[in-house]
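# Survey of secondary and tertiary structure
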Amino acid sequence: MPTILHVKSSPRGNESYSTRAAEAFLASFLAARKGWQAETLDLFNASIPEFRAPEAKAKYAVMSGKAPEGEAERAWKPVIDTVNHFKSAAAYVVSAPMWNFGIPYRLKDYLDVVVQPGLTFSFSAQTGYTGLVTGRPVVLVLARGGAYGSGTGAEAYDHQAGYLRTVFGFMGFTDIRTVLVEPTLHRGPEGAAAALDKAIAELRALAADPGLVKG
């Protein structure tokens, strides 16, 4: 049974615009597809491996074409388990608020564990970097208090959407859809509700698109 993995990175529960929008997408996605299941990885409650000196030593061993040994090998196993869990999904939705113009630290921690040589990307002197997670879509559901899109004059402050598209592209994703919930602060409660409704309508239409996933 194929799984769509929801990587949730807000700690605010039902008060989170990104979470509410992503959950609406998932409900429509599952309603449109028999045989699929959804799994939510709540990053503020999940156990994410630490990435310290032993893990870094293992990473650089792998990048040098060597096998990690001793403490580094033991530290590398939880990283491999986390990456294998990530790669077991057939589709993804990542929900994230903008924090200080970027992403929440728990999402950055998770991506720093998941993006690893030999697991989600490879490198050779002849071909450079190659992403290893291919043939599946990811939907980025991003909430922000302000507006940062083209023509706003605030584009340079957006280190949320661009970073996520870059890091998923680096891992091999080519089908990356982005839906924004914005602004959630600058136009008051009515403006926030309208932004959420607009994003949910866009997400429901995307969820029903038969071309989003194969099969």
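The notes below deal with the structure included here.

About the cut-offs
Residues numbered from 1 in each chain as written. Predicted model: local features only at pLDDT ≥ 70, side-chain atom pairs only at ≥ 80, totals over all residues. Heavy atoms only, no water. Core = buried A, V, L, I, M, F, W, Y, C linked by side-chain atoms within 4.5 Å. Buried < 20%, exposed > 50% of the residue type's maximum accessible area, 1.4 Å probe, protein only. Helix = DSSP H or I, 4+ residues; strand = E, 2+ residues; numbered from the N terminus. Contact = heavy atoms within 4.5 Å. Pairing = 2+ DSSP bridges. Axes fitted to C-alpha atoms, helices over the stretch in contact; angles between N-to-C directions.

Note that soluble globular proteins tend to have their nonpolar side chains buried in a common cluster. If you look at the biggest cluster of nonpolar residues, it comprises 35 residues, and the most contacted ones within it are Phe 86, Leu 107, Tyr 110 and Phe 168. For this core, the secondary-structure elements that each account for two or more residues are strand S1 (3-8), helix H3 (70-87), strand S3 (91-97), helix H4 (105-114), strand S6 (138-143) and helix H5 (161-170). Once residues lying within four places of it in the same chain are set aside, the contact partners of Phe 168 are Phe 86, Val 94, Leu 111, Val 138, Leu 140, Phe 173 and Ile 176. Judged by nonpolar contacts, the second largest core, of 24 residues, contains Ala 21, Ala 91, Val 181 and Val 213.

Let us look at the sheet that holds strand S2 (residues 37-42). Taken in spatial order, the five strands line up as S2-S1-S3-S6-S7 in an open sheet, and their pairing is parallel. Strands at the two margins of the open sheet, each flanked by one partner only, are S2 and strand S7 (176-181). Across the sheet, the mean angle from the axis of one strand to that of its neighbour is 15°, orientation sign disregarded. Sheet topology places S6 next to S7; six bridges connect them, and they run parallel. Residue pairing in the sheet places Val 138 in a bridge with Ile 176 of S7. The strands touched by H5 within the sheet are S3, S6 and S7, with S6 carrying the most contacts at an inclination of about 160°. On top of the sheet, helix H6 (residues 188-207) reaches S6 and S7; it is set at about 155° to S7, its chief contact.

As far as function goes, none of this settles anything; it's purely spatial.
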